[in-house]
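# A closer look at the structure
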Amino acid sequence: TAGNITFINASLANVTHLNVSLVNATFTNVTMKNYTFINGSAWNFTLNNVTMTNCSFINATLTNHTLLNTSLINATYSNVTMKNYTFINGSAWNYTLFNVTAANITFINASLANVTHLNVSLVNATFTNVTMKNYTFINGSAWNFTLNNVTMTNCSFINATLTNHTLLNT
């Protein structure tokens, strides 16, 4: 159990968090490679100007998870519950959600490529000023899913239930 954790101007490789509870964790100006978070929880987990390559969240609960000016490469969320997930001014490449329940999800000024949502439930998801390429949504549901000023190329929704899906300037 770790509270009030701060990393600034750091380079981290092969980091594993197993059965860890984080409260008020902030990473600023950090490069991370091979980050694994398993069977844990994080509350108020902020990444600011972070590059993460090969990151995995497995059997995790994330509350108030904020990513600012952050780049994700090969990111996987599996069996995760998210609440209040905010992604601003960043990019993600090979971004996979599997068996995820997510509420209050916001993407602003983001570039996303190769995004897969498999068995995902979204509630109150908003994408604003986002470019998405190769987006696949399979066996999931979305309620209050809004796209505002979004460009989507090669998008597929398969076996999905969409309620209150709004596309503005898209």
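Every value quoted in this text rests on a predicted model; they were computed, and no experiment measured them.

### Concerning the overall build of the protein chain
In terms of regular secondary structure, the protein chain is built from 0 helices and 7 strands. If you list the helices and strands of the protein chain from N to C, you get β-β-β-β-β-β-β. Relative to the 2.2 N^0.38 estimate, which gives 15 Å for 170 residues, the radius of gyration of the protein chain is 15 Å and therefore close to what a compact globule would have. With the principal axes as the frame, the protein chain shows a C-alpha extent of 40 × 25 × 20 Å. The buried share among the 170 residues of the protein chain stands at 36%. Of all intrachain contacts in the protein chain linking residues separated by at least 6 positions in sequence, the fraction that spans at least 24 positions is 0%. Total accessible area on the protein chain stands at roughly 7600 Å², and carbon and sulfur atoms take up 48% of it.

### Overview of the environment of Ala75
On the secondary structure map, Ala75 appears in strand S4 (residues 71-88). In contact with Ala75, not counting residues within four places along its chain, are Cys55, Trp93, Asn94, Tyr95 and Thr96.

### Focus: the pairing of S4
Pairing of strand S3 (residues 41-68) with S4 involves 15 bridges; the strand directions are parallel. Residue pairing in the sheet places Leu62 in a bridge with Met82 of S4. Bridging between S4 and strand S5 (residues 91-138) involves 15 bridges; their strand directions are parallel. Looking at the pairing, Val80 lines up with Val100 of S5.

### Focus: the confidence of the model for the protein chain
Per-residue pLDDT for the protein chain has a mean of 97; in total, 100% of the residues score no lower than 70. Of all helices and strands in the protein chain, the one with the weakest mean pLDDT is strand S7 (residues 161-168) (95), whereas S4 scores best (98).

### A few points about the packing of aromatic side chains
A full pass over the atoms with the stated rule returns 14 aromatic pairs. With centroids separated by 5.9 Å and ring planes inclined at 50°, the aromatic side chains of Tyr85 and Phe107 adopt a geometry described as tilted. Taken together, the residues Tyr85 in strand S4 and Phe107 in strand S5 connect sequence positions 22 residues apart. Taken individually, Tyr85 and Phe107 each receive the classification buried, so the pair is uniform in this respect. Grouped by ring-pair contacts, the aromatic residues Tyr35, Phe37, Phe57, Tyr77, Tyr85, Phe87, Tyr95, Phe107, Phe127 and Phe145 constitute a single cluster.

### Overview of the nonpolar core
Of all hydrophobic cores here, the largest spans 49 residues; its most connected members are Leu72, Tyr77, Tyr85, Tyr95, Phe107, Leu112 and Phe127. Broken down by secondary-structure element, the contributors of at least two residues to this core are strand S1 (2-18), strand S2 (21-38), S3, S4, S5 and strand S6 (141-158). Counting residues per element, this core draws most heavily on S5, at 18 residues. Ignoring anything within four residues of it in the chain, the contact list for Tyr95 reads Leu72, Ala75, Tyr77, Tyr85, Phe107, Ala113, Asn114, Val115 and Thr116.

### Comments concerning the side chain of Thr63
The residue Thr63 is located in strand S3 in this model. With relative accessibility at 19%, the residue Thr63 sits in the buried group. Sequence-distant contacts of Thr63, that is, excluding residues within four places in its chain, are made with Ala42, Trp43, Asn44, Phe45 and Lys83.

Here is what the cut-offs are and how they apply
- Residues numbered from 1 in each chain as written.
- Predicted model: local features only at pLDDT ≥ 70, side-chain atom pairs only at ≥ 80, totals over all residues.
- Heavy atoms only, no water.
- Helix = DSSP H or I, 4+ residues; strand = E, 2+ residues; numbered from the N terminus.
- Rg over C-alpha atoms; globule rule 2.2 N^0.38 Å.
- Buried < 20%, exposed > 50% of the residue type's maximum accessible area, 1.4 Å probe, protein only.
- Contact = heavy atoms within 4.5 Å.
- Areas by Shrake-Rupley, 256 points an atom, 1.4 Å probe, with all protein chains shown as cover.
- Pairing = 2+ DSSP bridges.
- pLDDT = per-residue confidence, 0-100.
- Phe/Tyr/Trp six-rings, centres within 6.5 Å; stacked < 30°, edge-to-face > 60°.
- Core = buried A, V, L, I, M, F, W, Y, C linked by side-chain atoms within 4.5 Å.

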